[in-house]
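Geometric and topological summary
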Protein chains: 2
Amino acid sequence: MASGRTHQGTAVRLDLAYDGTAFSGWAKQPGRRTVQGEVERALGIFLRHPVIVRVAGRTDAGVHAAGQVASFVTGARVVPERLRLGLNALLPEDVAVSAVTCVPEGFDARAAVARTYRYRLWLAPERPALERHFVWHVHGRVDTEVLVASAAVFTGRRDWRALTPSAHLYRDCTREVLAATWRPAAVIEGCGEEWVFEVTARSFLHMMVRVMVGSMVEVALGRLTLDDIAAALTCGERRRMGRTAPARGLMLMRVAY
Amino acid sequence: MASGRTHQGTAVRLDLAYDGTAFSGWAKQPGRRTVQGEVERALGIFLRHPVIVRVAGRTDAGVHAAGQVASFVTGARVVPERLRLGLNALLPEDVAVSAVTCVPEGFDARAAVARTYRYRLWLAPERPALERHFVWHVHGRVDTEVLVASAAVFTGRRDWRALTPSAHLYRDCTREVLAATWRPAAVIEGCGEEWVFEVTARSFLHMMVRVMVGSMVEVALGRLTLDDIAAALTCGERRRMGRTAPARGLMLMRVAY
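What counts and what doesn't
Residues numbered from 1 in each chain as written. Chains lettered and ligands numbered in written order. Predicted model: local features only at pLDDT ≥ 70, side-chain atom pairs only at ≥ 80, totals over all residues. Helix = DSSP H or I, 4+ residues; strand = E, 2+ residues; numbered from the N terminus. Rg over C-alpha atoms; globule rule 2.2 N^0.38 Å. Buried ≥ 20, exposed ≤ 12 C-beta atoms within 10 Å, placed from the backbone. Contact = placed C-beta atoms within 7 Å. Domains from an automatic or database assignment. Nonpolar A, V, L, I, M, F, W, Y, C, P; charged D, E, K, R; others polar. Expected span 1.5 Å × (residues − 1). Arc of directions from axis to C-beta.

The next subject is the overall build of chain A. Per the secondary structure count, chain A includes five helices and ten strands. The C-alpha radius of gyration of chain A comes to 20 Å, within 12% of the 18 Å expected for a compact globule of 257 residues. Taken over the C-alpha atoms alone, chain A extends approximately 60 × 45 × 30 Å along its principal axes. Counting all 257 residues of chain A, 40% fall into the buried class. Sequence-distant contacts, at least 24 apart, represent 71% of the contacts inside chain A between residues at least 6 apart.

Here is the structure:
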């Protein structure tokens, strides 16, 4: 973008973390509290001009981020550390800027080559009072061996339209999932375990990770089979996959360019 | 249970976890939202009689618990798993009962022989957006070698009146600290570290752990010396110790009987 049009200003990259619990997602919406809205408001105050921010992962309401990346262009002079401190002072406590970097003109946060999401599953009879905004508490007998095995279905390059309620919005639902794995993350006091799903793709369809997780959990609970999942993927029908896992278990971990 | 005085009823032990953020501490106070208030309300509904609960650690406002223990006596018949499910259904989402156990008559949660607390310290320029209710974010250059070394001052049996603002409430401020150690807990994305302090004693004075942590951090920041701390302990003057570390970093981890 704009190589040549030097008057456009400085391109800036923001690395962000946020607790999505009290946000209606990333994307600005009139009358709603959104991360984009808060970040653009803070930037507007600090830089004294309106700013439009682009982002690597447009997280939904309730979804968290540890390593979100956003970018914008400004005509103002940017001292990165001063901007970082200024933004952190202006932003609410559930959003933090971990790094501000001046990047080559043309950098666009949307142009990431890989995005990694993590999903936390809480398998215990006990309710997760301390972690309740960050895990999905699943009741019932989850077979974790089946859970681990089921992830293989969700790797590779193919049409994943069965994993999104919004297939009609895409010209092409082909995506390449580079890695998808479950691992045990912690023993829960009493009698339980936390399991974590990590998945990396160049890009994802809307709700794709949450439908993956919801479907794998239904297989691990014995309510669906891996053959059901494979057939649903082949015919591309969302209604034949499992339910959508709740937003709170999902976190955007990192983005690569 | 009930050997002899069978009419007193069944003694019951509750193991609890809670997020202290939205509570005015454990102890019931009129007009305030407290953990004791919520637990006794839920027990009263389930058992259909008023219940007074005793507790191992009377945590202050904002302090969390992963392994709190409470006890009470009831004349009602108690089926532990049913009571656990009933309480979890009646309690708000920031308190959970992980276990209900019928215990021998005379069991008193207060009579613990050891209590272990953990304090989480967030050492990074980045604000902790995701962990903000559970860590103390310390700015400035904390010397973690000094931090580790400072813990030794706080072990052993002695009069600890310098560590509490409430010394006048105790007949005797002698307590035995069985273990007190710092360890690195995690690397923080960007450039930082989380450090965790774990301390075990038979019992603690009011605010004792938070004054310990506040004082060690001031030593590690170079604002106090270990000699200052030793002298303050010897003369028993609270005002010569460091400030009180914030409640949010503190969690009651476990209780032994």
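What follows deals with the domain arrangement of chain A. Residue and element names in this part refer to chain A. Domain assignment breaks chain A into domain 1 (6-111) and domain 2 (114-256). The distance between the C-alpha centroids of domain 1 and domain 2 comes to 28 Å. In this complex, domain 1 contributes 15 residues to the contact, which on the side of domain 2 involves eleven residues. Looking at the side of domain 1 that touches domain 2 residue by residue, the classes come out as six nonpolar, seven polar and two charged.

This brings us to the interface of chain A and chain B. Across the boundary between the two partners, chain A contributes 20 residues, which contact 20 residues of chain B. Within the residue set of the side of chain A that touches chain B, elements represented by two or more residues are strand 1 (10-18), strand 3 (64-74) and strand 4 (95-103) of chain A. Ranked by residue count, the leading element in the side of chain A that touches chain B is strand 4 of chain A, at four residues. Class assignment for the residues of the side of chain A that touches chain B results in eight nonpolar, five polar and seven charged.

In an α-helix, one full turn covers 3.6 residues, which means residues spaced three or four apart are oriented alike. All names here are of chain A. The terminal C-alpha atoms of helix 1 (residues 35-47) lie 18 Å apart, and with 13 residues this matches the ideal 18 Å at 1.5 Å per residue to within 8%. Of the positions making up helix 1, those classed as buried are Val35, Val39, Ala42 and Leu43. Projected down its long axis, helix 1 carries its buried residues within an arc of 100°, all on one side. Buried-residue contacts for helix 1 involve strand 1, strand 3, helix 2 (80-90) and strand 4.

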